[in-house]
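Residue-level listing of the chains:
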Amino acid sequence: MNNEERNEKYLEYVEQKSPKAGWFNSLFHAFVMGATICCLGQMFGDIIRSFYPVLDLLTVGAWSSIIIIVLTIFLTAFGCFDRLAKYGGAGTFIPISGFANSIASCAIEFKKEGLVFGVGSKMFYVAGPVLVNGVAYSLIVGVVYFIIGLF
Amino acid sequence: MKKLGSQTYSFESDISIISGVSLVGGKEGAGPLKKYFDFVEEDDKMGQKTFEKGERLMFLKTISSAIKKSKVEKDNIDLYLGGDLMNQLVSSNYTASELNIPFVGLYNACATMAESLIVGSIFLDSKGMKNIVCATGSHFSTAERQYRYPLEFGNQRQSYAQWTVTGVGATVVSTEKTSNIKIKMATIGKVTDYGVSDIANMGAAMAPAAMETLVAFFTDTNTTQKDYDLIATGDLGKLGSDIFKDLMMEKGYDIETNYVDCGHMIFNIDQDTLQGGSGAGCSASVFNSYILSKLRSGELKKVLLISTGALMSTTTNQQGDSIPCIAHLVLVEGEN
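Calculation criteria
Residues numbered from 1 in each chain as written. Chains lettered and ligands numbered in written order. Predicted model: local features only at pLDDT ≥ 70, side-chain atom pairs only at ≥ 80, totals over all residues. Buried ≥ 20, exposed ≤ 12 C-beta atoms within 10 Å, placed from the backbone. Helix = DSSP H or I, 4+ residues; strand = E, 2+ residues; numbered from the N terminus. Pairing = 2+ DSSP bridges. Core = buried A, V, L, I, M, F, W, Y, C linked by C-beta atoms within 7 Å. Domains from an automatic or database assignment. Contact = placed C-beta atoms within 7 Å. Nonpolar A, V, L, I, M, F, W, Y, C, P; charged D, E, K, R; others polar.

Colleague: Whenever I open this one, the pairing of strand 3 (residues 16-25) of chain B confuses me. Can you help?
Modeller: The side chains of a regular strand alternate, residue by residue, between the two faces of the sheet. Residues and elements named next belong to chain B. Burial analysis of strand 3 places ten of its ten residues in the buried class, the great majority of the element. Bridge analysis of strand 3 against strand 4 (residues 39-41) gives three bridges, and the strand direction is parallel. Each residue of the ladder has a partner; that of L23, found in strand 4, is F39.

Colleague: What is the right way to look at the nonpolar core in this model?
Modeller: When a protein is soluble and globular, its nonpolar side chains tend to lie buried together. Membership of the largest hydrophobic core comes to 110 residues, with the highest contact counts inside it found for V133, M206, A210, L305, L329 and V330 of chain B. Per-element tally for this core: the top contributor is helix 6 (residues 202-221) of chain B, with twelve residues. Split by domain, this core shows at least three residues from each of two domains, domain 1 (15-174) and domain 2 (181-334) of chain B. Ranked by size, the runner-up nonpolar core spans ten residues in total, among them A100, A104, A107 and M123 of chain A.

Colleague: Mind showing me how you'd approach the environment of E115 of chain B here?
Modeller: All names here are of chain B. As for its placement among the helices and strands, E115 is situated in helix 4 (residues 112-125). Distance from E115 to S307, taken between C-alpha atoms, is 7.9 Å for residues 192 residues apart in sequence. Residues within four places of E115 in sequence aside, it is in contact with L106, N108 and H328.

Colleague: It is not clear to me how the interface of chain B and chain A should be interpreted in this structure. Could you clarify?
Modeller: A common way to state how big an interface is: give the accessible area lost once the parts meet. At the interface, 21 residues of chain B touch 29 residues of chain A. At the level of elements, helix 6 and helix 7 (237-250) of chain B are the ones that each hand at least two residues to the side of chain B that touches chain A. Here the side of chain B that touches chain A takes three residues from helix 7 of chain B, the largest share from any one element. Its residues assigned to classes, the side of chain B that touches chain A shows eleven nonpolar, seven polar and three charged.

Colleague: What is the right way to look at the domain arrangement of chain B in this model?
Modeller: All names here are of chain B. By the assigned domains, chain B splits into domain 1 (15-174) and domain 2 (181-334). Distance between the C-alpha centres of domain 1 and domain 2: 18 Å. Between domain 1 and domain 2, the residue contacts involve 49 residues of the former and 53 residues of the latter. Taken together, the elements giving at least two residues each to the side of domain 1 that touches domain 2 come down to strand 3, helix 1 (26-29), helix 4, strand 7 (131-138), helix 5 (140-147), strand 8 (163-164) and strand 9 (167-174). Per-element tally for the side of domain 1 that touches domain 2: the top contributor is helix 4, with seven residues. Among the residues making up the side of domain 1 that touches domain 2, the classes are represented as 25 nonpolar, 18 polar and six charged.

Here it is as structure tokens:
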């Protein structure tokens, strides 16, 4: 048996031997966590609107996002956010909270290397790919939208 | 030194392990082996500003204490051998600059403990040196930053992942002084690659390396698992050790009864470390605590320590390369 065959057989065996994450549990946890974060966001929005009814929906939405971001940064700084994320998985990082955590955690971690080469250059170490993806996909959608608009 | 078979060596000098000291972090200290460790440090920064500085101080404390325990004057220690997981072996390098003992840095990832014992024994067997301190360790927080994500970054680990051990182990080996614990033989491992590229599944990547080294040792010495009281792998974790047992079974060796894995035994199941411990400090701290104390008391007589190491870097991993692994074996005997 040559090495390639051996490896193929071994990888198949490893795949079957490795424990799988229970998909139902993962989905359920993500649903609970994601829903909680979204409900919190809605709640902040409703509270703001009840105090300042003149604000338009976009501004209210921006404010509730800001509150979630600040809250996440505090939770990250106090070392609680990673525990929530361990439970909630994608439910925790798909809302804006995940983005805030990825930047805040890098800023904390790389502070020791100084403000410029530490915080400054490594803050987007995890969030960078998300930004690049966001921009790239918006560009694609924009081009498609533009082409559709021609007809 | 005599060569047996293809890759095993038997030492002709009387090489004794005259002291062994282990230091671990709070999480390891709360595990099932807590009464065996010499030091449990609740503060994993050791009062320093960064985890990296803390790791160095852990090395310094462990090594100084091992030398003190050996009752050999520091000036009579001929060599400090060892390594860690940090890039450029910084933790060992900085420790060596504090210790002022001639230093040789070694890197075989988590197999460095067995590697340093082997290299140390060979130096001693050459008769030029008399006392050598071998030390290896790792730190959860520094390894996490170098190999994975920031500590506070919220993500889920794979169900087959492991947890890097915060711990250091230091052993003083000598031909000048004697003790009842001897290093008799060693098998130097070959780098093996069975194609596993998932960095979270270290156990599966390293298990074949451990199997190849152990099979080579059995073949070279014409012995089987029945001739030894304990076979201990370094840090395969639960999944990795299950795979290792399967692989050994395939080769005709049933090691179920006298086999343990240091990574699997260092944490309790409720400590949320998934498949158990990993890291260079894993076999180093377990060998210098649990295993040495059992050898000292005579409960164990012949122990095979097989430290296992995954030799990738973050760059090769991101470029999609599979993980080359190594396992080194030492035969340690207690004479009572």
